[in-house]
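Breakdown of the fold
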Amino acid sequence: MREDKVMELLRRRGFLWPAFEIYGGVAGFYDYGPLGAMLKRNIEAEWRAFYTIGEGFYEIETANIAPMEVFEASGHLKSFKDRAVACKKCKAIFREDLLDGSGRCPECKGELEYAGEFNLMFQTRIGIKEEGYLRPETAQGMFINFHRLLRFNRNKLPFGIIQIGRVYRNEISPRQSVIRLREFTVAEAEVFVEEREKNEHPRFEEVKGEVLKLVPRGEGRGGGNNGKEMEEVLEEAVRKGIIANEYMAYHMAKAREFLEKIGIPSERMRFRQHERDEMAHYARDCWDVEFFSERFGWIEIVGIADRGDYDLRAHSAFSKADMSVLIEEGDRKEKIIPHVIEPSYGIDRIVYAVLESAFYEEVVGKEERRVLRLKKEIAPIRAAVLPLLTRGELKEKAREIFRELKLSSSLFIEYDESGSIGRRYRRQDEIGTPYCITVDYETLEKGTVTIRDRDTMEQIRVPIGEIKDAIS
Ligand code: AMP
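Report follows, based on the coordinates.

Calculation criteria
Residues numbered from 1 in each chain as written. Predicted model: local features only at pLDDT ≥ 70, side-chain atom pairs only at ≥ 80, totals over all residues. Heavy atoms only, no water. Helix = DSSP H or I, 4+ residues; strand = E, 2+ residues; numbered from the N terminus. Buried < 20%, exposed > 50% of the residue type's maximum accessible area, 1.4 Å probe, protein only. Contact = heavy atoms within 4.5 Å. Areas by Shrake-Rupley, 256 points an atom, 1.4 Å probe, with all protein chains shown as cover. Lys, Arg positive; Asp, Glu negative; His and termini not counted. Charge placed at Lys NZ, Arg CZ, Asp CG, Glu CD. Pairing = 2+ DSSP bridges. Axes fitted to C-alpha atoms, helices over the stretch in contact; angles between N-to-C directions. Phe/Tyr/Trp six-rings, centres within 6.5 Å; stacked < 30°, edge-to-face > 60°. Lys NZ or Arg CZ within 6 Å of the ring centre and 35° of its normal. Parallel < 35°, antiparallel > 145°, perpendicular 65-115°, else oblique. Nonpolar A, V, L, I, M, F, W, Y, C, P; charged D, E, K, R; others polar. Near = heavy atom within 4 Å. Polar contact = N/O pair within 3.5 Å; in protein donor to acceptor, adjacent residues only side chain to side chain. Patch = residues over 30% accessible without salt bridge, like charges linked within 9 Å, V, L, I, M, F, W, Y side chains within 5 Å. Salt bridge = Lys/Arg side-chain N within 4 Å of Asp/Glu carboxyl O.

**Digging into the overall build of the protein chain**
- Helix and strand counts for the protein chain stand at 14 helices and 26 strands.
- Considering only C-alpha atoms, the protein chain reaches an extent of 75 × 70 × 55 Å along its principal axes.
- Across the 472 residues of the protein chain, 52% fall into the buried class.
- Long-range pairs, those at least 24 residues apart, make up 66% of the contacts in the protein chain with a sequence separation of at least 6.
- About 22300 Å² of surface is accessible on the protein chain, with carbon and sulfur atoms providing 48% of the total.
- For the protein chain, the separation between the mean place of its 77 positive charges and that of its 85 negative charges on side chains is 3 Å.

Dropping the structure here:
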């Protein structure tokens, strides 16, 4: 199957490797190889720029381990749980909400029985005695610093804060390789806004005419291919109450914009609203951005939640810290607890979605060509410098061009002289390198190289001095 070819390529070329492989592997853990790590960082960098430069949000970085109180207050200790069922026959364990409801084991059709409720947080110790937990989301780090963030922001609402980091969830029985992990990276924004302003986003004008594909509450659960989709203009969706407020709608539009920017086509995206019994304990409303994967069906890649004032109120009650904001507008002087709108991006799933979307297999002449059509801004390697033949004089010139180019462009450039030129092109196509710069005898004579475009496979000849501009 095509999808398995994607995973095969990703393993073989050094993007994604099952973790602890030499010890038999552990479900729910994946390592990024050299190219995967670069791709992931490039996507994170795009995300960071999108929200810091684009939205004016500041980034913080908070602790990954927290004392018990934090999750007592946030409600995770009590509510961050999944129900498990076990097959009486083959003993396999499943998360109840991911099953089809037939009461039968998806693997051997045996009878299933309830096996208990399990908290998803990894527990650890801080020092010798104190109970600690690995964070299951980065959000809490932003909430518990709210009073400082508010002061940093000169006591004014609204403002947004972002964080990118690893989170840990002890998933009951992860089976979907890279999609369901026990340790993964999220990129989260917390937007703090006064409740009565949630319907007046200052930049709603910019997005209000956009049409989104929606699956509102009651139209089907995710995780499969079900769900009735409708197309709706954003402004209308807010007016009709399908989307609760302008802040939610604005951030839904922004999520789509970002995902398209990094190469996930909007035809493979839709927005699905959570059913009431499916929402996290803190959420008032929640829309997932789902990506259609040929391998996994519809999967959630971003969650956009209206968390109300749940978290700030909870931390304020438990810690006694003042999380209120003084609003002074003309005669009005009032202390309020802000509401929070949260777009939460699952970076690993997004990396996979980008790769699956970029994978093409085509027949060129007699050969099959596999290519990753990654956007050039996120491709791990921007260009490869290749001597046409592995003769001394060409290698020497190619190395010189390579050294010069990487220093002057600050882009990640690769040099490769191993094997035939055809094989080297194929490798660069498979790892998504947008440009191959080939050094041949004309380079020695006339000072020009060829630049081969990954997608069209066309080659143009340019003077050495113009390579940098051509690939930037
Ligand atoms: P949540 O806080 O549950 O909405 O999760 C935020 C995002 O993280 C989701 O939109 C998913 O893309 C991603 N995510 C959630 N659980 C997992 C998991 N077990 N493995 C990988 N990504 C996940």
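**Topic: the sheet that holds strand 5 (residues 81-87)**
- Taken in spatial order, the three strands of this open sheet run 6-5-7, and their pairing is antiparallel. Across the chains shown, the open sheet's two edge strands, defined by having one partner strand only, are strand 6 (93-95) and strand 7 (112-119). Neighbouring strand axes in the sheet, compared pairwise and without regard to direction, differ in orientation by 35° on average.
- Looking at chain direction, strand 5 and strand 6 are connected through three bridges and run antiparallel. Considered in strand 6, the bridge of Ala86 is made with Ile93.

**Points about the packing of aromatic side chains**
- Taken as a whole and judged by the stated rule, the model has 17 aromatic pairs.
- A centroid spacing of 4.8 Å and a plane angle of 50° characterise the contact between Phe146 and Phe192, whose relative ring orientation is tilted. Highlighted residues: Phe146 in helix 6 (residues 146-152) and Phe192 in strand 11 (residues 183-193), separated in sequence by 46 residues. Each member of the pair, Phe146 as well as Phe192, is classed as buried.
- In this structure an aromatic cluster arises from ring pairing among Trp47, Phe50, Tyr51, Phe57, Phe258 and Tyr345.
- Its end group placed over the ring of Tyr360, Arg373 keeps NZ or CZ at 4.7 Å from the ring centre.

**Digging into the packing of helix 2 (residues 34-52) against helix 10 (residues 347-358)**
- The contact between helix 2 and helix 10 brings their axes to 10 Å, and the two run at 110°. Comparing the axis directions of helix 2 and helix 10 gives the class roughly perpendicular. Residues Leu39, Lys40, Ile43 and Glu44 of helix 2 form the contact with helix 10, whose own contacting residues are Ile347, Asp348, Ile350, Val351, Val354 and Leu355.
- When the residues that make up the contact of helix 2 with helix 10 are grouped by side-chain class, the tally is seven nonpolar, no polar and three charged.

**Some points on the site of the ligand**
- The environment of the ligand is made up of 14 residues, and the closest members are Arg169, Glu171, Leu181, Glu300 and Ile301.
- One of the backbone nitrogen or oxygen atoms of Gly303 is found 3.4 Å away from an oxygen atom of the ligand.
- In isolation the ligand offers 480 Å² of accessible surface; the protein chains occlude 90% of this area.
- At the level of secondary structure, the elements contributing two or more residues to the shell around the ligand comprise strand 11, strand 16 (297-308) and strand 19 (339-346).
- Ranked by residues supplied to the shell around the ligand, first place goes to strand 16 with four residues.

**Some words on a nonpolar patch on the surface**
- Together, Phe20, Ile22, Tyr23 and Val26 make up an exposed nonpolar region whose accessible area comes to about 520 Å².
- Positionally, Phe20 belongs in the loop between strand 1 (16-18) and strand 2 (30-32).
- For Phe20, a relative accessible area of 44% puts it in the partly exposed group.

**What to know about the sheet that holds strand 26 (residues 459-463)**
- On the basis of which strands lie adjacent, the open sheet formed by five strands has the order 23-22-24-25-26 and mixed pairing. Taken across any chain shown, the strands that pair with only one partner, and hence form the sheet edges, are strand 23 (413-415) and strand 26. Adjacent strand axes in the sheet meet at a mean angle of 25°, parallel and antiparallel pairs treated alike.
- Strand direction decides the pairing type here: strand 22 (residues 383-387) and strand 24 (residues 435-439), joined by five bridges, are parallel. Looking at the pairing, Ala383 lines up with Tyr435 of strand 24.
- In the packing of helix 11 (residues 392-409) onto the sheet, contacts are made with strand 22, strand 23, strand 24 and strand 25 (448-453), and the angle to strand 23 comes to roughly 165°.
- Where helix 12 (residues 421-430) meets the sheet, it contacts strand 22, strand 23, strand 24, strand 25 and strand 26, and its direction lies at approximately 175° from that of strand 22.

**Description of the pairing of strand 20 (residues 359-364)**
- Where strand 20 meets strand 21 (residues 367-372), six bridges bridge the pair, whose relative direction is antiparallel. By the bridge assignment, Phe359 is partnered in strand 21 with Leu372.
- A loop of two residues connects strand 20 with strand 21, the two strands running antiparallel in sequence, and Gly365 in this loop sits at a positive phi of about 65°.

**Points about the pattern of salt bridges**
- The final tally for this structure, using the stated rule, is 63 salt bridges.
- With its nearest N and O atoms 3.2 Å apart, the salt bridge here joins Glu205 to Lys208.
- Residue Lys208 is classed as partly exposed on the basis of its relative accessible area of 23%.
- Of the charged contacts, one joins Glu430 and Arg370 as a salt bridge, the two residues approaching to 3.5 Å between their closest N and O atoms. On the criterion of sequence distance, the pair formed by Glu430 in helix 12 and Arg370 in strand 21 is long-range, its members being 60 residues apart.
- Via salt bridges that share partners, Lys5, Glu8, Arg12, Arg13, Glu361, Arg370 and Glu430 belong to a single interconnected network.

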